[in-house]
Amino acid sequence: GEGTESKLGRVRLQMEKEGADGHVLASLDDIGWLLNIRGGDIPHVPVVLSYLYLTKDTCIWYVRGQAVTEKIRKALSAQGVQIRDYDEIYEDLQRLPGGRKLLLDKKKVNSRLVYGIPQDVQVLDRRNPSEAMKAVKNERELSNLREAHRKEGLAFTRLMRRVKTHAGEAGFTERSAAAYLEQQRSGQEHYLENSFAPICAYGEHGAIVHYSATEESDRALEKDGLFLVDAGGHYLEGTTDTTRTFVLGEVGEEQKRMFTAVCRANLHLAYAKFLYGCSGCQLDVLCREPLWELELDYKHGTGHGVGYLLNVHEGPNAIRWRLPEGEERPAVLEAGMVTTDEPGIYLEGRYGIRTENELVCRKSVQNEYGQFMEFEILTMTPIDLDGILPGEMTRQERDWLNAYHACVYETLSPYMEEEERKWLQKYTRKI
């Protein structure tokens, strides 16, 4: 949706405002976004190990020669990008003339780069301009992301059907469920890889927020209890991050009450309207309120930004009220920012419940009070109605869930076989 020359031009304008003569980047997601380049140097993160140095007139990409094809060299050269060897940046920085002003984010460069800068060069320690730019997805990117989430929704929904109908069968475990999800993804066009190592957590494992099944811990899925799956994929159309908790067989009234509270929390944020200028600090309470009513909480943030075929965790947008010491407040939510919505309940030694959707911030009405904002839900996977107590929800909350499920059915059903469609219809029915 935007060429490298345009992106570099925007960064140069910001450099001019900061009074910077040069700009150093070591954050691989920023470099990938600026150059419209993706790679495979790090598992689950499609980036290329490299540095970038930008001035008013030049752009130099420092990268291992074997990582760059001739086609890429020609394409970047046509956009004014020079390519040099990966380690040459250290020598080039040491040769900078005195009096220069160099823009960089000290939190995102290594110490060797910083200490190699001549003492008579002034370092402007600021956030990388590209961080805020890449967080705002353009309309081409958003259109592609909807397609990525359609594909991910198909994979996740097929996993949902699989675990709900085959739980209790011999050999069906947390790890085999993860393998089945990967199989459903890989059969779709433009799929690349997982966007992070999947969390497939049955029973008490669901209460471990970042659980990862091993050969030793791998549990069989029984026809009873709750199964939490947090997973995502990289497609050429973008990055996804989804969490669903599936009801396997019968569960008790308490578990359904908790499941319903998490669903309500998710919906309260997803359907929020708010004035422009709010950040995730202001909106976090909307998601937590249904849980606080039960004197419960979760000890992680409510949401994080998601990159466009980049880091699955991306700033500067986030939804949380607790800020680690020294950390800046989340950025104001801009139209085009994609942020997750993932409340949960975790009862140690018993079970965990989390429901996660990705939301894109959009402009709503503008009136005498200002510009109102709202969210569009990108994630297209049913929320398991077997865990819902409709009587615990208000009419507005039921309407929200019904509207979401109608959208899920409309999006996924044309790509399903008749038997799948009938099953999906049951799990997206009105309540």
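A short tour of the structure in this document, coming up. (Residues numbered from 1 in each chain as written. Predicted model: local features only at pLDDT ≥ 70, side-chain atom pairs only at ≥ 80, totals over all residues. Heavy atoms only, no water.)

1. Description of the overall build of the protein
Inference 1: Helix and strand content of the protein: 12 helices and 20 strands.
Inference 2: Its C-alpha atoms give the protein a radius of gyration of 23 Å, near enough to 22 Å, the size a compact globule of 431 residues would have.
Inference 3: On the principal axes, the C-alpha backbone points of the protein span a range of 70 × 55 × 40 Å.
Inference 4: Of all 431 residues assigned to the protein, the portion counted as buried reaches 54%.
Inference 5: Carbon and sulfur atoms make up 48% of the accessible area of the protein, which totals about 19,000 Å².
Inference 6: The centroid of the 55 positive side-chain charges in the protein is displaced by 3 Å from the centroid of its 68 negative side-chain charges. (Helix = DSSP H or I, 4+ residues; strand = E, 2+ residues; numbered from the N terminus. Rg over C-alpha atoms; globule rule 2.2 N^0.38 Å. Buried < 20%, exposed > 50% of the residue type's maximum accessible area, 1.4 Å probe, protein only. Areas by Shrake-Rupley, 256 points an atom, 1.4 Å probe, with all protein chains shown as cover. Lys, Arg positive; Asp, Glu negative; His and termini not counted. Charge placed at Lys NZ, Arg CZ, Asp CG, Glu CD.)

2. Quick look at the pairing of strand S15 (residues 314–319)
Inference 1: In terms of burial, S15 is a largely internal element, five of the six residues being buried.
Inference 2: Pairing between strand S14 (residues 303–305) and S15: three bridges, direction antiparallel. For glycine 305, the partnering residue across the bridge sits in S15 and is glutamate 314. (Pairing = 2+ DSSP bridges.)

3. Observations concerning the nonpolar core
Inference 1: With 69 residues, the main nonpolar core has Val163, Phe227, Val229 and Phe246 as its most contacted residues.
Inference 2: Tallying contributions element by element places helix H9 (residues 253–270) first for this core, with nine residues.
Inference 3: One finds Trp33, Trp61, Val63 and Leu310 within the second-largest nonpolar core, a separate group that totals 25 residues. (Core = buried A, V, L, I, M, F, W, Y, C linked by side-chain atoms within 4.5 Å.)

4. Comments concerning the pattern of salt bridges
Inference 1: Inspection of the entire model under this criterion finds 36 salt bridges.
Inference 2: A salt bridge links arginine 64 to aspartate 41; its shortest N-O distance comes to 2.9 Å. You can see arginine 64 sitting in the loop between strand S3 (59–63) and helix H3 (70–77) and its partner aspartate 41 sitting in the loop between helix H2 (28–35) and strand S2 (50–55), a full 23 residues away along the chain.
Inference 3: The partner of aspartate 284 in a salt bridge is arginine 288, and the shortest N-O contact between them spans 2.4 Å. One end of the pair, aspartate 284, and the other, arginine 288, are both in helix H10 (residues 280–292), four residues apart, so they sit about a helical turn from each other. As far as burial versus exposure is concerned, aspartate 284 and arginine 288 are alike and both buried.
Inference 4: One network of salt bridges, in which partners are shared, links Lys108, Arg127, Glu131 and Glu328. (Salt bridge = Lys/Arg side-chain N within 4 Å of Asp/Glu carboxyl O.)

5. Things to note about the packing of aromatic side chains
Inference 1: Counted according to the given criterion, the structure contains six aromatic pairs.
Inference 2: Each ring, one from tyrosine 271 and one from tryptophan 400, has its centre 5.4 Å from the other, and the planes form 5°; the classification is stacked. With tyrosine 271 in the loop between H9 and strand S13 (273–275) and tryptophan 400 in helix H11 (residues 395–412), this residue pair connects regions lying 129 residues apart in the sequence.
Inference 3: Overall, the relative accessible area of 18% leaves tryptophan 400 in the buried class.
Inference 4: Ring-pair connections join several aromatic residues into one group, and the members of that group are Tyr51, Tyr86 and Tyr90.
Inference 5: Lying across the ring of tyrosine 90, arginine 112 places its NZ or CZ 3.6 Å from the centre. (Phe/Tyr/Trp six-rings, centres within 6.5 Å; stacked < 30°, edge-to-face > 60°. Lys NZ or Arg CZ within 6 Å of the ring centre and 35° of its normal.)

6. Quick look at a negative patch on the surface
Inference 1: Taken together, the side chains of Asp85, Asp87, Glu88 and Glu91 define an acidic patch exposed on the protein surface.
Inference 2: One can find aspartate 85 in the loop between strand S4 (81–84) and helix H4 (88–94).
Inference 3: With relative accessibility at 40%, the residue aspartate 85 sits in the partly exposed group. (Patch = residues over 30% accessible without salt bridge, like charges linked within 9 Å, V, L, I, M, F, W, Y side chains within 5 Å.)

7. As for H10
Inference 1: The first and last C-alpha atoms of H10 sit 18 Å apart over 13 residues, in line with the 18 Å expected at 1.5 Å per residue.
Inference 2: The sharpest bend along H10 comes to roughly 30°, located at leucine 286, with the proline proline 290 sitting one to four residues further on.
Inference 3: Buried within H10 we find Gly280, Cys281, Leu283, Asp284, Cys287, Arg288, Pro290 and Leu291.
Inference 4: Each element contacted by the buried residues of H10 is listed here: H9, S13, S15, strand S16 (338–341), strand S17 (344–347) and strand S20 (370–377). (Expected span 1.5 Å × (residues − 1). Bend = angle between axes of the 7 residues up to and from the residue. Contact = heavy atoms within 4.5 Å.)

8. A closer look at helix H1 (residues 4–18)
What sets the pattern is the α-helix's 3.6 residues per turn: residues three or four places apart point alike.
Inference 1: Under the 1.5 Å per step criterion, the end-to-end length of H1 is 21 Å for 15 residues, consistent within 8% with the ideal 21 Å.
Inference 2: When H1 is considered as a whole, its buried residues turn out to be Thr4, Lys7, Leu8, Val11 and Met15. End-on, the buried residues of H1 take up no more than an arc of 95°, which puts them together on one face. Counted as exposed and oriented over 90 degrees from the buried face of H1: Glu5, Leu13, Glu16 and Lys17.
Inference 3: Just beyond H1, the residue with positive phi is glycine 19, at close to 75°. (Arc of directions from axis to C-beta.)

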